[in-house]
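For reference, the chains in residue letters:
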Amino acid sequence: AQSVAQPEDQVNVAEGNPLTVKCTYSVSGNPYLFWYVQYPNRGLQFLLKYITGDNLVKGSYGFEAEFNKSQTSFHLKKPSALVSDSALYFCAVRDSGGYQKVTFGTGTKLQVIP
Amino acid sequence: KAGVTQTPRYLIKTRGQQVTLSCSPISGHRSVSWYQQTPGQGLQFLFEYFSETQRNKGNFPGRFSGRQFSNSRSEMNVSTLELGDSALYLCASSPGLAGTYQETQYFGPGTRLLVL
């Protein structure tokens, strides 16, 4: 079985400060990892993904994430937060072993304070 | 390309009724997945279809069913609605290249179902 944990229900950060949204995962094989963002009353929008290769993945809107195999983590980061980054962020994992569903974390609400 | 579209966007039903939700994937995408989103449970996987075949299923009762048509459009049906079925139902599509599970899913805006 695979799982994803987002340990923080909410993260508050001041505008202009760096932000981190945490994600850890568990899969039996190699992971495919994804970050999505959801704005109020909207569907999910893709931010970035890790498949293989460079552990630092760059995505949309200045976001990046670092894959750490030993710590089974895939934290989302941004050097300087914007008020418009305030939203709900979801981490997701899929086992590369095939025919496995995508499992989403419970989501982390990011609040950027002006 | 047009994005994923879902109809209807909002729906109000009463307990015991049944409902059908529709999803049109991005043109050329062959894989469609459905999710239920609630404040308490987060995003829960319902099922995934590829080329008209269900290739994965979540842990939902048999009241939840789906299908995919030859043009990749998908429908999900919930019979005998319960209050707890109130949720945002999200559909996502991906190219669905056979054998690859690294694909990005593109989500529709969702159908918000309220069961009274």
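Rules of the game
- Residues numbered from 1 in each chain as written.
- Chains lettered and ligands numbered in written order.
- Predicted model: local features only at pLDDT ≥ 70, side-chain atom pairs only at ≥ 80, totals over all residues.
- Heavy atoms only, no water.
- Phe/Tyr/Trp six-rings, centres within 6.5 Å; stacked < 30°, edge-to-face > 60°.
- Helix = DSSP H or I, 4+ residues; strand = E, 2+ residues; numbered from the N terminus.
- Buried < 20%, exposed > 50% of the residue type's maximum accessible area, 1.4 Å probe, protein only.
- Contact = heavy atoms within 4.5 Å.
- Buried area = accessible area lost by both parts, 1.4 Å probe.
- Salt bridge = Lys/Arg side-chain N within 4 Å of Asp/Glu carboxyl O.
- Polar contact = N/O pair within 3.5 Å; in protein donor to acceptor, adjacent residues only side chain to side chain.
- Nonpolar A, V, L, I, M, F, W, Y, C, P; charged D, E, K, R; others polar.

**Some remarks on the packing of aromatic side chains**
Residue and element names in this part refer to chain A. One pass over the structure, following the stated rule, counts 15 aromatic pairs over all chains. Aromatic pair Tyr 36 and Phe 104: ring centres 5.7 Å apart, planes at 45°, arrangement tilted. With a gap of 68 residues between them, Tyr 36 in strand 5 (residues 31-38) and Phe 104 in strand 11 (residues 103-104) connect regions that are remote in the sequence. Neither Tyr 36 nor Phe 104 differs from the other in exposure class; each is buried.

**Side note on the interface of chain B and chain A**
Reports often express the size of an interface as the amount of accessible area lost when the parts come together. Taken together, the 20 residues of chain B in the interface contact 20 residues of chain A. Here chain B and chain A share an interface that buries about 1,800 Å² over both sides, 53% of which is from carbon and sulfur atoms. Connecting chain B to chain A are one salt bridge. With its nearest N and O atoms 2.8 Å apart, the salt bridge here joins Glu48(B) to Arg94(A). The interface formed by chain B and chain A contains four residue pairs in polar contact (both at pLDDT 80 or more). Looking at the side of chain B that touches chain A, the elements with two or more residues in it are strand 4 (31-38), strand 5 (42-50), strand 6 (53-57) and strand 9 (87-94) of chain B. Ranked by residues supplied to the side of chain B that touches chain A, first place goes to strand 5 of chain B with three residues. The residue makeup of the side of chain B that touches chain A, split by class, is eight nonpolar, seven polar and five charged.

Worth remembering: the numbers are spatial, not functional.
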